[in-house]
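# Geometric and topological summary
Here's the letter readout for the chains.
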Amino acid sequence: MQLTEAMQQFILHWGEMGTRWGVNRSVAQIHALLHLSPKALPADEIAETLGLARSNVSNGIKELQSWKLIRVSRELGDRRDHFKAEEDMIQVVRLVVEGRRSREFQPTIAAVADARDQAKADGKTPAEITKRMDETLRVMEMFDKWYAEMAKLPHGTQMALLKIGAGIARFLPKGS
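What comes next concerns the included structure. (Residues numbered from 1 in each chain as written. Predicted model: local features only at pLDDT ≥ 70, side-chain atom pairs only at ≥ 80, totals over all residues. Heavy atoms only, no water.)

### Things to note about the pairing of strand β2 (residues 70-75)
Stated precisely, the cut-off is as follows: Between any two strands, pairing holds if DSSP finds at least two bridges. Secondary structure elements follow DSSP: runs of H or I of four or more residues count as helices, runs of E of two or more count as strands, with numbering from the N terminus.
Judged from the five bridges that link them, β2 and strand β3 (residues 78-85) form a sheet pairing that is antiparallel. In the sheet register, I70 faces β3, and the bridge partner there is A85. Here β2 folds back onto β3 in antiparallel fashion, the turn holding two residues, of which G77 has a positive phi close to 80°.

### Regarding the packing of aromatic side chains
So the rule is basically this: Two rings from Phe, Tyr or Trp (for Trp, the six-membered ring) form a pair when their centres sit within 6.5 Å of each other. Planes less than 30 degrees apart are called stacked, planes more than 60 degrees apart edge-to-face, and all others tilted. Burial classification: accessible surface area is computed with a 1.4 Å probe over protein chains only, and a residue below 20% of its type maximum counts as buried, one above 50% as exposed, and the rest as partly exposed. Geometrically, a charge over a ring is one whose NZ (Lys) or CZ (Arg) sits within 6 Å of the ring centre while staying within 35 degrees of the ring normal.
The final tally for this structure, using the stated rule, is two aromatic pairs. Both rings, one in F10 and one in W14, keep their centres 5.5 Å apart while their planes meet at 10°; by these two values the pair is stacked. Of this pair, F10 and W14 both sit in helix α1 (residues 5-20), separated by four residues, roughly a single helical turn. For F10, a relative accessible area of 31% corresponds to the partly exposed category. The interplanar angle of 85° and the centroid separation of 5.6 Å between the aromatic rings of W14 and W21 together place this pair among those described as edge-to-face. Owing to a relative accessible area of 41%, W21 belongs among the partly exposed residues under this scheme. An aromatic cluster of at least three residues, connected via ring pairs, comprises F10, W14 and W21. The ring of W67 carries R103 above its face, with NZ or CZ at 4.0 Å from the centroid.

Structure, rendered in structure tokens:
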């Protein structure tokens, strides 16, 4: 696959953003390449196009598969696996958010709940600290429940809500 200057820029930036999101740069670049590619690519072509070691590509593919961001396919007459990224960006965002929710946010909610329960039970933690833990937990659970409800909505409804976006703020009282 020949990369244009614009494609290279996209892939390099996606890799850079990946490091800020806690993802290995190579993994993010593999995802970007597969996201842009109109066809599924075998691992050796991914490695050649991006200038990465084959082992690095294999590890990156495994990680992307664990996030369900890419899928494997076969082509008639070719023994190699080919890889294609999820094309629907709403689905990509949903998969990433859901992965981070299960790996990071929900364990944090559980840890905060445990700390709050311990604070209530120990008789040593000042009430104002316990109250702050309660508020932290309440807000985190509220965001988690909001996300869970939004994730259940049909794709079209999610798109409509995104299009409405911040425009809804003009219907709310100012200064609230």
